[in-house]
Amino acid sequence: MKEDKKITLWERYLTKEIGIEFKACLYFFAILFFYCVYRMIDGVFDASIPHMGEMILICYVMGYIQVYLFGNFDEADSLGVREICGMIVCTLLYGLASFACAWFDRRLLVSALLMLYVIITYFCVFLIYKTKRRIDDKKLNEELKIFQSEHKSE
């Protein structure tokens, strides 16, 4: 029986959902780190559970926005207008959420610093994904050469 090699609609959907889950965790950790540093600088050594809940919820929403509205900009091959617009919109939404939810006691400067931090994080993640793709391409090409050399002699 021949196995169907095509990716099904379900598999495409599942791949996107796993990506969103990963993004939510990644960006939640980054924002939580910023939040914890802010709290420690303020002399507070505990974190608000409601704030953390808001942060993870916002990260999930932002993951859907990134993937479905802005074409997964942090995993793009290059940064074009759509990707940069996506980074800016999502960064502004994080900043607005941080201010509205009072993660940083509605300090405008700290919300602005969070937005700068998020932009830098997006750019770093973009570079990480780009580097990983380059490495994966090299590995696949090596494996293809091995496969071709093994089957050439047949």
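In the block above lies the structure referred to throughout.
I will try to describe carefully the structure that is included in this document. Computed from a prediction, not measured in an experiment: that's the story for all the values here.

**Section: the nonpolar core**
- The biggest cluster of nonpolar side chains holds 28 residues, and the ones touching the most others in it are Tyr94, Trp103, Phe104 and Tyr122.
- For this core, the secondary structure elements donating two or more residues are helix H1 (9–41), helix H2 (49–69), helix H3 (81–100) and helix H4 (108–152).
- It is H1 that contributes the most residues to this core, 8 residues altogether.
- Each residue touching Phe104, except ones within four places of it in the same chain, is listed here: Phe34, Tyr35, Tyr38, Ser98, Val110, Ser111 and Leu114.

**Here we look at unusual backbone geometry**
- Unlike most non-glycine residues, Asn72 shows phi in positive territory, near 60°.
- The residue Asn72 is located in the loop between H2 and H3 in this model.
- One non-glycine residue, Asp105, lies in the positive phi region at around 55°.
- As for its placement among the helices and strands, Asp105 is situated in the loop between H3 and H4.

About the cut-offs
Residues numbered from 1 in each chain as written. Predicted model: local features only at pLDDT ≥ 70, side-chain atom pairs only at ≥ 80, totals over all residues. Heavy atoms only, no water. Core = buried A, V, L, I, M, F, W, Y, C linked by side-chain atoms within 4.5 Å. Buried < 20%, exposed > 50% of the residue type's maximum accessible area, 1.4 Å probe, protein only. Helix = DSSP H or I, 4+ residues; strand = E, 2+ residues; numbered from the N terminus. Contact = heavy atoms within 4.5 Å.

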